Amino acid sequence: MNLFTKIFYKNIAAFLGCAIFFGLISCDEDLTAINKNNNTNFPSQIINNANIVQRDSGMIKLRATAPLIEKFEFIDSPYIVARKGINILFYDKKKPKEPGKIKANFAKFNEKKKFYEAKGNVRITTNENQMFAMQSVFWDQNKRLIYTSDTVYVTDKDGSTLVGANGMKAKDDFSEYTFYNNSGNINAKKIPEKGR
C-alpha cells in the first residue's frame, strides 16, 4: 500500500467517524425536541363509577358519586378531577338526616391548597332547602369561603328568588353570604319591621 492510499483510508475513517458522531448527536436533539411536547401528566389512579364515603368519628360526613374520578399525584401540585360530573351529599351534625347537595358537570380538587372548583350547571342545595344555581363556583377550604363571579340564582324554600348578577361570596356553611348587583322577589314576611 502506498502512502497516498493509507492517507485516503485514514481520512475516510475519520470522516465516517465524524459523520456517525454528528448523526447520533442530531438524533438526540431531535428526540429531545419531540419528547418536550409529550404530556407526562397522567393520572396515577382512575376510579370508574366511584362511590366515595367520608366519615368523621363514625358519622358520614360526605358521600360522593361520579362516573369517573382521576387522581394526579406525581406532580408538584397534586389534584383530583371528576371530568364527567359529580354528585355530592354533605351531612351536618345539626341535621344529619337532611343532607346538602352539590351537583356539577366538572369538579377539581387541589389537595395541597385544599381548593375546590366546580363548573358547568352547578347546583347547590343546602340542608335548609335553599337552591343556588350558577355556572362555576370555587371553595377555599382553608378560608372557609365559597365564591363565584358568575350570575347566581337563589330559590328559597318559600319560593322567594334572588339573582346576584355579578356573583356572590359566602361562608362555606351558607350562614352568611353577600350577593353583588342583586335583584329578586323576596317574601315580605321575612323583612323585619323597623326598630326590631
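## A closer look at the nonpolar core
Stage number 1. Core analysis: the largest hydrophobic core is formed by 15 residues, its most contacted members being Phe132 and Met168.
Stage number 2. When contributions to this core are tallied by element, the ones reaching two or more residues are β7 (115-125), β8 (131-140), β10 (152-155) and β12 (168-171).
Stage number 3. When sequence neighbours within four positions are dropped, the list of residues in contact with Met168 reads Phe132, Ile146, Tyr147, Thr148, Val152, Phe174, Thr178, Phe179 and Tyr180.
Stage number 4. If you look at the next biggest cluster of nonpolar residues, it comprises eight residues, including Ala66, Ile69, Ala82 and Ile88.

## Focus: the side chain of Ser136
Stage number 1. If you trace the backbone, Ser136 turns up in strand β8.
Stage number 2. Excluding residues within four positions of it along the chain, Ser136 makes contact with Ala118, Lys119, Val122, Thr148 and Asp150.

## Regarding the pairing of strand β6 (residues 106-110)
Each regular strand shows side chains that alternate between the opposite faces of the sheet.
Stage number 1. As paired elements, strand β3 (residues 79-82) and β6 share four bridges and run antiparallel to each other. When the sheet's bridge partners are listed, Val81 is paired in β6 with Lys108.
Stage number 2. Judged from the five bridges that link them, β6 and β7 form a sheet pairing that is antiparallel. Residue pairing in the sheet places Phe106 in a bridge with Lys119 of β7.
Stage number 3. A loop of four residues connects β6 with β7, the two strands running antiparallel in sequence, and Lys114 in this loop sits at a positive phi of about 50°.

## Observations regarding the pattern of salt bridges
Pairs may arise between side chains of opposite charge once their charged atoms sit close together.
Stage number 1. By the definition in use, this model includes six salt bridges.
Stage number 2. The salt bridge involving Lys157 is made with Glu128; its shortest N-O contact spans 3.8 Å. In this pair, Lys157 is assigned in the loop between β10 and β11 (161-164) and Glu128 in the loop between β7 and β8, connecting sequence segments 29 residues apart.
Stage number 3. Linking Glu176 and Lys171 is a salt bridge whose minimum nitrogen-to-oxygen distance equals 3.5 Å.
Stage number 4. Owing to a relative accessible area of 40%, Lys171 belongs among the partly exposed residues under this scheme.

## Considerations on the packing of aromatic side chains
Stage number 1. Counting across every chain of the model gives seven aromatic pairs.
Stage number 2. Ring centres of Tyr116 and Trp139 lie 4.6 Å apart, and the angle between their planes is 20°; this geometry places the pair in the stacked category. A residue pair is termed long-range when its members are at least 10 positions apart, and Tyr116 in strand β7 and Trp139 in strand β8 qualify at 23 residues.
Stage number 3. Tyr116 sits in the partly exposed class, given a relative accessible area of 27%.
Stage number 4. Taking 5.7 Å as the distance between ring centres and 80° as the angle between the ring planes, the aromatic pair formed by Phe132 and Tyr177 counts as edge-to-face. Within this pair, whereas Phe132 is found in strand β8, its partner Tyr177 is found in strand β13 (residues 177-179), the two being separated by 45 residues in sequence.
Stage number 5. With a relative accessible area of 0%, Phe132 lands in the buried category.
Stage number 6. Of the aromatic side chains, those joined through ring pairs into one cluster are Phe109, Tyr116 and Trp139.

Rules used throughout
- Residues numbered from 1 in each chain as written.
- Predicted model: local features only at pLDDT ≥ 70, side-chain atom pairs only at ≥ 80, totals over all residues.
- Heavy atoms only, no water.
- Core = buried A, V, L, I, M, F, W, Y, C linked by side-chain atoms within 4.5 Å.
- Buried < 20%, exposed > 50% of the residue type's maximum accessible area, 1.4 Å probe, protein only.
- Helix = DSSP H or I, 4+ residues; strand = E, 2+ residues; numbered from the N terminus.
- Contact = heavy atoms within 4.5 Å.
- Pairing = 2+ DSSP bridges.
- Salt bridge = Lys/Arg side-chain N within 4 Å of Asp/Glu carboxyl O.
- Phe/Tyr/Trp six-rings, centres within 6.5 Å; stacked < 30°, edge-to-face > 60°.

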